Structure formats: structure tokens, C-alpha cells
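Listed below, chain by chain, are the residues.
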Amino acid sequence: MREGRDPDAPFDVMTGFLHDVPPDVAAALFERGEPRQADKPFEEPWPLEAWPDVPTTVLVGRHDRLFPLEFARRLAAERLGVAADVIDSGHLPALSRPDELTERLEAHRLGLIAALR
């Protein structure tokens, strides 16, 4: 509602997921058709008793309409104990900002993001 969208409107993939994806990329995506999604994550509980003891980072899209920024930041802090890093994208940065996403992931791999905080 804050952004002028009707919360009761039917879900529209263009509005919800692809709003910042270049039109040619979105068109190619639709030409391929929707891949089969796994149901298992929605049907079965998380199988581990604790999160694995590995370095964990969270990268969230500033304009993600599925997981709004403040919600994602709160979850990262409460559930993982980390501060979320923010990329200027929507829900699908691999499609909307692939170069920036690659650079950001590489910076996380090298530990550069944590060093900047």
C-alpha cells in the first residue's frame, strides 16, 4: 500500500519480481517458460537442529517486493546474527544487476564487505 500497490490484487510476476529487470531479459525469461519449482522446502521442516558453523552473509535487494528491506534486515539480525548487505535491486539481482551482484558476491567471498562495516 505504501508503494501504491493493492495488497489484495492477484499476484503479477512482472510487478512482484521483474519490475527492475530489463525488458529484453524478462522477455527471454518468459520465452523459456517457468521452471518446475521444488515443493519440498514448503512441505518439510528444516532438517538440521542448528545453522551450520560456516561464514554466513545476507544480501538483500533494496527494492525487493517479496521480502521488503526492513523485514529482510530484521530476519538476518534475529535469525542469523548478521547485518544484511544491501544491493540496489529487486528480488532477482541475477537478472536485473548481474555485474553488481557478481562483484558483491566476490567481495563477500574475499571478506571485503565485512572489513568495510
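See above for the structure.
Being a predicted model, the structure only gives us computed values, none of them experimental.

Asker: A description of the overall build of the protein should follow, citing residues and the corresponding values.
Answerer: In terms of helices and strands, the protein carries 7 helices and 2 strands. In the protein, the succession of helices and strands from N to C terminus is α-α-α-β-α-β-α-α-α. Principal-axis analysis of the C-alpha atoms gives the protein an extent of 40 × 35 × 35 Å. A burial count over the protein gives 21% of its 117 residues as buried. Sequence-distant contacts in the protein: of pairs separated by 6 or more residues, those separated by 24 or more amount to 62%. Of the accessible surface of the protein, which amounts to about 9,200 Å², a share of 57% is contributed by carbon and sulfur atoms.

Asker: Residue-level account of a nonpolar patch on the surface, with values.
Answerer: A surface patch of nonpolar side chains, amounting to about 530 Å² of accessible area, comprises Trp46, Leu48, Trp51, Val54 and Leu80. Take Trp51: it is sitting in the loop between helix H3 (40–43) and strand E1 (59–61).

Asker: Please provide a residue-by-residue account of the pattern of salt bridges, values included.
Answerer: According to the stated counting rule, one finds 8 salt bridges in the structure shown. In this structure, Glu106 and Arg109 form a salt bridge, with 2.6 Å as the shortest nitrogen-oxygen distance. A residue pair is termed a helical-turn pair when its members lie 3 or 4 positions apart in one helix, as Glu106 and Arg109 do in helix H6 (residues 98–109) at 3 residues. Take Glu106: its relative accessible area is 34%, and that puts it in the partly exposed class. Each of Asp85, Arg97, Glu100 and Arg104 takes part in a single network of salt bridges with overlapping partners.

Asker: Can you tell me about the side chain of Asp85, naming the residues and giving the values?
Answerer: Mapped onto the secondary structure, Asp85 falls in strand E2 (residues 85–87). Within the structure, Asp85 has its side chain in polar contact with the side chain of Arg104 (distance 3.1 Å). Reaching out from Asp85, the side chain makes a polar contact with the side chain of His108 at a distance of 2.9 Å.

What counts and how
- Just so you know, the residues in each chain are numbered from 1, in the order the chain's sequence is written.
- Per-residue local features of the predicted model are confined to residues with pLDDT of at least 70, and side-chain atom pairs are confined, for both listing and counting, to 80 or more; whole-chain, interface and lining totals are unaffected and use all residues.
- As a rule here, side-chain values come from all non-hydrogen atoms in the structure, and water together with hydrogens is ignored.
- Here a strand is any run of E in DSSP of at least two residues, a helix any run of H or I of at least four, and the numbering for each starts at the N terminus.
- The classification of residues rests on relative accessible area computed with a 1.4 Å probe and restricted to protein chains. Under 20% of the type maximum is buried, over 50% is exposed, and intermediate values are partly exposed.
- Here a residue-residue contact requires only that any non-hydrogen atoms of the pair lie within 4.5 Å.
- Every accessible area reported is derived by Shrake-Rupley at a probe size of 1.4 Å, with residue values counting cover from the shown protein chains alone.
- The residues that make up patches have over 30% relative accessible area and no salt bridge, and they are joined within 9 Å when like-charged or within 5 Å when they are Val, Leu, Ile, Met, Phe, Trp or Tyr.
- Think of a salt bridge as a Lys or Arg side-chain nitrogen and an Asp or Glu carboxyl oxygen that are within 4 Å of each other.
- We call two N or O atoms a polar contact when they sit within 3.5 Å, provided that within protein one can donate a hydrogen and the other can accept it, with sequence-adjacent residues counted only if both atoms are side-chain atoms.

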